[in-house]
Every structure is written in structure tokens, then in C-alpha cells.
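Below are the chains, spelled out letter by letter.
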Amino acid sequence: MLCLLLSLLASGASGAVLDSRTIHSATLANGLRLVVSEDEAAPVVSVEVIVRAGSADDPPGLAGLAHLLEHLCWMGAEGADPRAAIEEVGGATNAGTLRDFTRFYATVQPADLGRALQALAAMVRHEDFPDASVSRERTMILQEAATRRDEPRAVLNDLAFQAIYGDSHPYGHHIEGSEESLAAITAANLSSFHRTWYVPNNMAVVAAGKVKFEAVLKEAEAAFGGLSPAALPPRTRPVMARPGPGGERAEGSSFREVYLVAAFVAPAVSEPAAVAASDVMATLLGQSQVGRLRRDLQERDGLVKAAGVDFLTQREQGLFGIWAICDPDKIEGVRQAIEAELARLASSPVPPDELVVAKRLLAAEYAFANETAGDRATTLGFYEAIDSYRFASQYLSLVWSVTPGDIRNVAAWYAGAPMWVVMQPSGVAQ
Amino acid sequence: MRWLLTLALLGVAGMGTPALRGWAEEPARVTLPNDFRLITRADPGTDIAAIDLLLDLSVLDEPPAKSGIRYLVQRLLMRGTVHETGGKMAQQLASVGGAADISVGLDYVEIYALVPADGFELALNLMADAVRNPTFSADEVAKQKDQAKEAARSALEDPFQATYLALREELYQTHPYARSVFGEESSLEAITREDIRSFHEAYYRPSRAVVAVCGGVAPTRALRAIRAAFGDWADRPAPPRPEIPVPPLASSSAVARELPTERAHLIFGFPAPAAGEAGYYEMQVLQSLISGGATSRLPRALREDLGLAYEVSSFYPTLAGPSHVGIYVVTEPFAMEGAKAAVLEALNKLAQQPIAPPAAASATAADAGDELAKAKRYLLGSYALAHQRMKDQAYALAWYEILGPTAGPDGGGGVGAPSSGRPEQANPAVRPGGLSDARYAAGVEAVTPAGVQAAAASLLRSFVLSVTMPADL
């Protein structure tokens, strides 16, 4: 057994993902961070501009502002559409808003690096918000939100965030906002948010693919060097107590099945060892083929139709959610079974071979998730936004050093009373 | 941070860039003596290996009363063989960090694995065992039947899938492309364990199979492992594929259905050429002009000029038989008529007005101001980005191999009678006359303004509009 373990460990650790030796960084005079991952073999270059402000920075009562601003910036203005500059050379571009940050990104041929950075710079410099554009994008966002309401897992996730964070923490409100909060947003609100957060000392430019650091530095200076820094306002947010508030929320839904989740407060990115242990635990429980939820709840007991674990690391404490899909008559059984799985992880050590397999799966998943230049720019940008890009290169070694004791410690937090959110078909007979 | 993939999905991870010339080594193609074909493209720069095994097994091969039998058989492959239980197979794959799954298309069935390269042989052997020796235990058959019925039911509740299926029913009528690849609840229910065994026995044959391997595995290593895993698989002719014509679409028509969704889902469907047939590339370029990227004609017209729909996209499946172009619009129910008019107007404009710029500008056809050149660049860019991943490269190689040199209505997958005793054969890197990355690029480049105009006119001749909307309207 020991030999087998050693060989698995050795081979599992050999594949470097986001090798720190290929990654370079710098800070421009105006405070803009620059991160470059060089990969001679990549056919393309992906660039990403991160603004370290997301929906958690929406002003009180104006939920959805960060996301609305992202739409307006990405679309550009009449006659000056930065998207066209990218698409007309065969590139692709998109943008996204998360709780902690906003991202604008593009993938182009290496020769078009300068063009892509200019286009992304035009997006984040955009500061003209005519009423007609604001009202059009508000409509678009309401439609986007309507589509999201047709996706049960997305709805469940939103409900869990709301249940855990409520009104006391800005992670609690929807990224899209509501019809009311969107209606309250004015051009002046958008300008003020833009002036406050879209400043170079609150931004990062990330490039990955067939590029050289020096070339990116030169092009980034040209595109972003003229931006002026400004002092950032302090952020004061409540620290959540683990395992979280606990409790129970029942919601009606138009979906045919029951969707439920046990939600807890998870470690923040500033606790890297706990993040890695939580990720390994999430794999042990929720891996789609061999995880304990699949093996015990689905295959052995026939309790669930599907089950898994969601955990996205965030700047502050995120959410660790164990979700399941089941028939209405199984709800009680599923809840007990999930709590029993957690109690077992907290009380008895994970067998070493099971732990090694979970780590290997997690490491492989990380490699698969960072296969393309675009993937790597996304990962580096993600960590640079919430902490430092260095986290991406250190991540696998953190995973490999997780011990059975670490898993038990993390599981002990989660063995406390969860916040249960249960979404049931509204039409079900009582 | 396990959920980067989720993050990528949230933001619609990157798309398009023309980079065909930057790709790794040319593929190596080999046919084993039992007519099993393999194709590899090594990429020394990655530690990931993708293995994609496609069988030339069409929806035309399914008895109509047993619709969905291919899906059910595929689901059962990794659920136990004469050597291992399903649980053990999953454990073994997990022990090397691998992941496997299946899919079913109109023209083929697929089983694939993604694995760190040092687990390549283990994953390949598991796949070979799954395809060659499944036991179809009564217990698993019952379980997978339930889950397949669930998938068939869910598809009818998903707005896009339901709208698309209704569209195909109207476009293809009596042709099997009208059917769902999942089958129907009733046809799945009618399938017995014996049906499954005999279907597998008849159709899962080496001469119908292609495996493609891409990534961090040297061609010699891949070939050695594939010979060992598939070389002794005995071939035998599979039953002939029935020839079923697609009834011509006499006139345009519309179908509508109701679902409890918040928004209206519309798909315009137009008959279009099979892969590689005359007009194939013109249709590809046309589709890019209409809805390739946020700044193409239709998104601009709908979203920015009319403020109408949030989602506009189009698709053109690469099929062995007669294909179709779909234009998909999601909108508020009240805005449906405006969206319909905008789609038809965009096509009418393309059919009536040549897209070549005015004479003065046409001298610089490669200039960024040329809309046709932009559409081509966007199309090739999207193609390249869609083929960045090892899995997607392996799929394309295997699928082009099965499509074969003549992409006619018969599927073009026939590779002749079994040839026992014939030695192993190394083939040209790209199948003569078949689709390939380079040929796709050349085909797209050669499209002319007149070709696009003719393609637009041909679409308008007759089409089907399929609509799904909330019931309370």
C-alpha cells in the first residue's frame, strides 16, 4: 500500500500547472498590477482586465450597480464599440461581474495583443452613461435574470447566499439586483462608482499565452499608463462566525424536483490551508463518479438523483454548500444522510487511499480547468483579484499537503447545524 | 478553489481566434487489420491526454419502436463488464485522476476520457473493456432505463431542447433526424435487456469504430496501447443502414408549444447542406455574418437597434445527412413578433443586397472594413478556439474520420467489407476528401459575396419556425 501511495503522490505532483517560473509580474507607476504567463506553445493570447470591485461593493439600496456598469462599459458607445475591434480580427470578448470583482477579457492572435489591450482599456475607461443606454441595459439585465430563474441550481445558490448572509453582509444580495434596485440607479450613481473603483491602483491586467512579458509591459503602459490613481475608500464588512447562522428556509418553485442545500460559511482566501482542505473535502464528498454522496446517497441508498458540493473561494468567507436533487418524499432522509456524512468526516479519519484518490482527482481537475490560455488568464486574474496570482501556482502543493487531521478539523466546522434551504415544487399536494 | 470551470461558464469563457497554423503536430492515422481506425495528434506541451472513441452508429440504425436504444447502450457501457463492476471501473479511473463520459449524436455515439497522461493506458483499457465486454446486468438495465427516461422527460421540459426537437420533427418529418437522441419514455420502456444485448452485438464492431488520442502521449505509445486493447477485437459486418429520404419541405410552417418558462424561445430552422457538400462553407459564413459575435448583424439589429432580445445565436450542425441552420432567439413574449420580423429582414437583406463593399473599397478586400472578411475571420477564430482543448481536438479528428470523404446522406461511414488477414496500414495524415482543420479554413476562405447571397436566398425558400412560450398568453 505504501509503495502505491508514494508512486501516486510522485506522479500526481509532477505535472506543474501554472508553473511559477513562467509567470512574471510588475506594478506600473500608477499602481496597475500586471501578471503575465508565458507559453510559447499556445496558439493565442488571452488578456483579462480585472477591476477589484464587484456586486459586494454595490451602494446600499442600489444592488446590481456593479453589474449594470460592466454591461455599459463592455458595450462601449455609439460609433466607438471596443468589441468590434476584437471581433473583426477573429477574436472573442466577454465580461463578467462576481461578488468581489469585475472582469473584461478577450482572446486574440498573438499579433493582436496591442489591439486587444487597447480595446479592453477603452471598456474600463468608458464613462459616458446616457439615459437611453442605461435603460436599455437595465431591460437586458432583467431578461438575463429571468433566464437565470429557469435554472434551478442557480436559483438554489442565490437562495443559499441570501440565507447565510442576509442583509448584514454584501455577499447576500443578488449580483443582478432586483427590478426596484435597478430602477433606482442613476447615471450619477454609475459615474460615482466608476470614479471610485475603476482606477489603475484597483486594477490588474493579466495575459496568458504566446506572449513575452516585456511586450505585454510595453503595450499595457501604452493602453493603461495614462490612467490616474486615486485613494480607495476603506471597506468595512462584518466577519461571519463559523459554521454560519444555521436554520431552515423553504421556498416554492416551478421545478419538478426538490432541490436542497446545506450551506455553511467557508474559509476566505486568506486561510489557504483551510481552503485546500475544504476543496479536498468537497472532492471526497461531491466528486461526480466516486464521491461519498454519489456512492452512498445515490448508488447505495437511492435517496438522491444527483448531489454535489459547491465551494467558490472568495476574498472574504464564501459559501460551502452540499446540494442534492431528490423526490419530495425523500427530503427528510436526504437531510439526515448529509448530516451523517459530515459527522462521519468530523469523527473518523479518512482512509489514506481514499484521501490520495481525492487529491489526485482534484489535481487533475485543476489541470483540466487550466488547459487553455484563456483558462490560465482566468485563474491568474481570479486570484490576483481576491488575493495574489501566486496562489494559483501554490495551490497544488497546498492540496498535496492536506492531512487526514486537516480534513477532520474542517469537517468539524461543517458538522455544526447547517442552514438548510429546500426548494419544493409549489404544486405538490401536502 | 475547485470551481473555475463554473466561473468560466458564468462568463461564457472565451471564444474565437484564427490560429490554425499554430497547432501541434499533424495527426497520424492507422487502420488495424480488423479495420479499427485510430488517429493521434501528440502535443508534447501538455500533461493531459484525451481519448475519444466514436462509433459510426446513426439514429437511422435504431428501430423506430426502440428509439433511444443507442443512448441506453452507451449509458450502460461503464456500468459493468465481464471483468469489473461499474463501481470498480469508476474507482480505477479516479485513481489516476481521470474522468469519462458518453454522448449520443444523430450520426454517432461517443465515449471519451480525459486523463493525466500517465494514466493513459489505464483509461484506454477501461474504455476498450466497456465498449467490448459490457454485461448489461438486469439491475443496471433497470436503473439506467429509469435515468434515460428521466433524461428524455427533462429534455422536453428544457425550453431550448423542446423547441429544437419540435423544429426537427417538422423539418425531417418521417426521417429519423426528427427523433430525440434520448428516445421517448414509451420507446425506452419497450426496450428489453435482450434488445440491448443484440443491438450491441450487431453494431459495436471494430470497423465501425474510430479512436482519437490527443495530448501528452507519443504516437508510438498510443499505437502500442491501442493495438493491445483493440487489435484482437473480431470484426463482422453490421446490418446495412436503411436509406430514408428527407421529405422536401413544401412550404414554410410554424409550430408552437407551451412550457412554464418566463420567456419566449424561438428557433428558425432552414434546410442546409450536409457536411462538406456544395454550399456548406457558404452557409457557415452566412451564419457568422448573421450572428457570429456580439457585433454581427442580428445581435446589433435586435439588441441595440430594437432593444429586443437578450440572446441571439445560430447553429449549423455538421451532419452526415441533410443538415439545417438554426437561428435561436430568446425574448420577452410581447416582443416575439418584432424579433421574427428582424430575423427575416436580416436574411432578406443578405439575399437581395450583395455584401461586397462599394467598388472603391473592394480593392482592399482584406481590410478590416470588409464585412465578409470580418465574418470569415470571426468564423475561423471561433473554430480555432472551439478546438483548443485536447478533448475537442480528439472529437473533431474522430468525427471527421467517420464522416469520411463523401458526406452523402448515407453517412459516408462505410469502410468496406471486413478484411481479415490484411496487414496494419498507415494512412495519409488527413483522409483524402475528408474534412480537416486546414480544409475547413480553405473552404471558408474561398466563399464569395455571390455565394453568400445565394445561400441566403436558398434559406428563405422554405423554413420552419418553432416557438415555445409561457402558457398564460
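It should be emphasised that the depicted structure is a prediction, and the values quoted were computed from it without experimental measurement.

A. Fine view of the overall build of chain B. Secondary structure summary: chain B contains 17 helices and twelve strands in total. Of the contacts formed within chain B by residues at least 6 apart in sequence, a portion of 83% connects residues at least 24 apart.

B. Inspection of the domain arrangement of chain B at higher detail. All names here are of chain B. Parsing chain B into structural domains produces domain 1 (25–235) and domain 2 (253–383 + 443–469). If you look at the interface, domain 1 gives 13 residues, while domain 2 gives 18 residues. Per element, the largest residue contribution to the side of domain 1 that touches domain 2 is nine residues, and it comes from helix H6 (residues 159–172). Partitioned by chemical class, the residues of the side of domain 1 that touches domain 2 number nine nonpolar, one polar and three charged.

C. Just helix H4 (residues 113–125) of chain A, in detail. All names here are of chain A. Along its 13 residues, H4 runs 18 Å from first to last C-alpha, staying within 8% of the 18 Å computed at 1.5 Å per residue. Leu-113, Arg-115, Ala-116, Leu-117, Ala-119, Leu-120, Ala-121, Met-123 and Val-124 are the residues of H4 that are buried. Residues of H4 that are buried sit in contact with strand S3 (45–51), helix H2 (65–75), helix H3 (82–87), strand S5 (102–108), strand S6 (203–209) and helix H9 (213–224).

D. Inspection of the packing of helix H2 (residues 69–77) of chain B against helix H8 (residues 193–203) of chain B at higher detail. All names here are of chain B. Following both chains from N to C, one finds H2 and H8 inclined at 85°, their axes separated by 10 Å at the closest point. With respect to each other, H2 and H8 are oriented roughly perpendicular. Together, Ile-69, Leu-72, Val-73 and Leu-76 of H2 and Asp-195, Ile-196, Phe-199 and His-200 of H8 make up the contact between the two elements. Along the lines of polarity and charge, the residues of the contact of H2 with H8 split into six nonpolar, one polar and one charged.

E. Broad picture of the sheet that holds strand S7 (residues 253–258) of chain B. Residues and elements named next belong to chain B. Strand order in the open sheet formed by five strands is S7-S12-S8-S10-S9, and the pairing between neighbours is mixed. Of all the strands in the sheet, just S7 and strand S9 (311–315) have a single pairing partner and so form its edges. For this sheet, the mean angle separating the axes of adjacent strands, direction not counted, is 15°. Strand direction decides the pairing type here: strand S8 (residues 264–272) and strand S12 (residues 464–469), joined by five bridges, are antiparallel. Residue pairing across strands places Gly-269 opposite Val-464, the latter belonging to S12. Across the sheet, helix H10 (residues 280–291) touches S8, S9 and strand S10 (323–331), and the angle it forms with S9 is around 175°.

F. Quick look at the sheet that holds strand S1 (residues 23–27) of chain A. Residues and elements named next belong to chain A. In space, the six strands of this open sheet follow the order S1-S2-S6-S3-S5-S4, with mixed pairing throughout. The outermost strands of the open sheet, each flanked by one partner alone, are S1 and strand S4 (92–97). Taking each pair of neighbouring strands and ignoring which way they run, the sheet shows an average axis angle of 15°. Bridging between S3 and S5 involves seven bridges; their strand directions are antiparallel.

G. View of the domain arrangement of chain A. Residues and elements named next belong to chain A. Here chain A is described as being made up of domain 1 (21–224) and domain 2 (247–425). Distance between the C-alpha centres of domain 1 and domain 2: 27 Å. Between domain 1 and domain 2, the residue contacts involve 35 residues of the former and 30 residues of the latter. Elements with a contribution of two residues or more to the side of domain 1 that touches domain 2: S1, strand S2 (33–38), S3, S5, helix H6 (152–165) and S6. In terms of residue count, H6 provides more of the side of domain 1 that touches domain 2 than any other element does, nine residues in total. Classifying every residue of the side of domain 1 that touches domain 2 by side-chain character gives 22 nonpolar, six polar and seven charged.

H. Expanded view of the environment of Ser462(B). Residue and element names in this part refer to chain B. Turning to its location among the elements, Ser-462 is positioned in the loop between helix H17 (449–461) and S12. On the basis of neighbour counts, which here come to 15 C-beta atoms within 10 Å, the residue Ser-462 falls in the partly exposed class. The spacing of Ser-462 and Val-325 is 137 residues in sequence and 12 Å in space, taken between C-alpha atoms. When near neighbours in sequence (up to four residues on either side) are disregarded, Ser-462 contacts Leu-249, Ala-250, Ser-251 and Ser-252.

I. How the structure looks around the pairing of S12(B). Residue and element names in this part refer to chain B. With six of six residues buried, S12 lies mostly within the body of the structure. Burial along S12 is two-sided: Val-464, Ser-466 and Thr-468 and Leu-465, Val-467 and Met-469, pointing in opposite directions, are all buried. Across six bridges, S7 lies against S12 in parallel orientation. By the bridge assignment, Arg-257 is partnered in S12 with Thr-468.

J. Region of interest: unusual backbone geometry. Following Arg242(A), the chain continues to Pro243(A) via a peptide bond in cis, the omega torsion being 5°. For Pro243(A), the position within the fold is in the loop between H9 and strand S7 (247–253). Although it is not a glycine, Gln173(B) adopts a positive phi angle of roughly 45°. On the basis of neighbour count, Gln173(B) is assigned to the partly exposed category, with 13 C-beta atoms found within 10 Å.

Conventions and cut-offs
- Residues numbered from 1 in each chain as written.
- Chains lettered and ligands numbered in written order.
- Predicted model: local features only at pLDDT ≥ 70, side-chain atom pairs only at ≥ 80, totals over all residues.
- Helix = DSSP H or I, 4+ residues; strand = E, 2+ residues; numbered from the N terminus.
- Contact = placed C-beta atoms within 7 Å.
- Domains from an automatic or database assignment.
- Nonpolar A, V, L, I, M, F, W, Y, C, P; charged D, E, K, R; others polar.
- Expected span 1.5 Å × (residues − 1).
- Buried ≥ 20, exposed ≤ 12 C-beta atoms within 10 Å, placed from the backbone.
- Axes fitted to C-alpha atoms, helices over the stretch in contact; angles between N-to-C directions.
- Parallel < 35°, antiparallel > 145°, perpendicular 65-115°, else oblique.
- Pairing = 2+ DSSP bridges.

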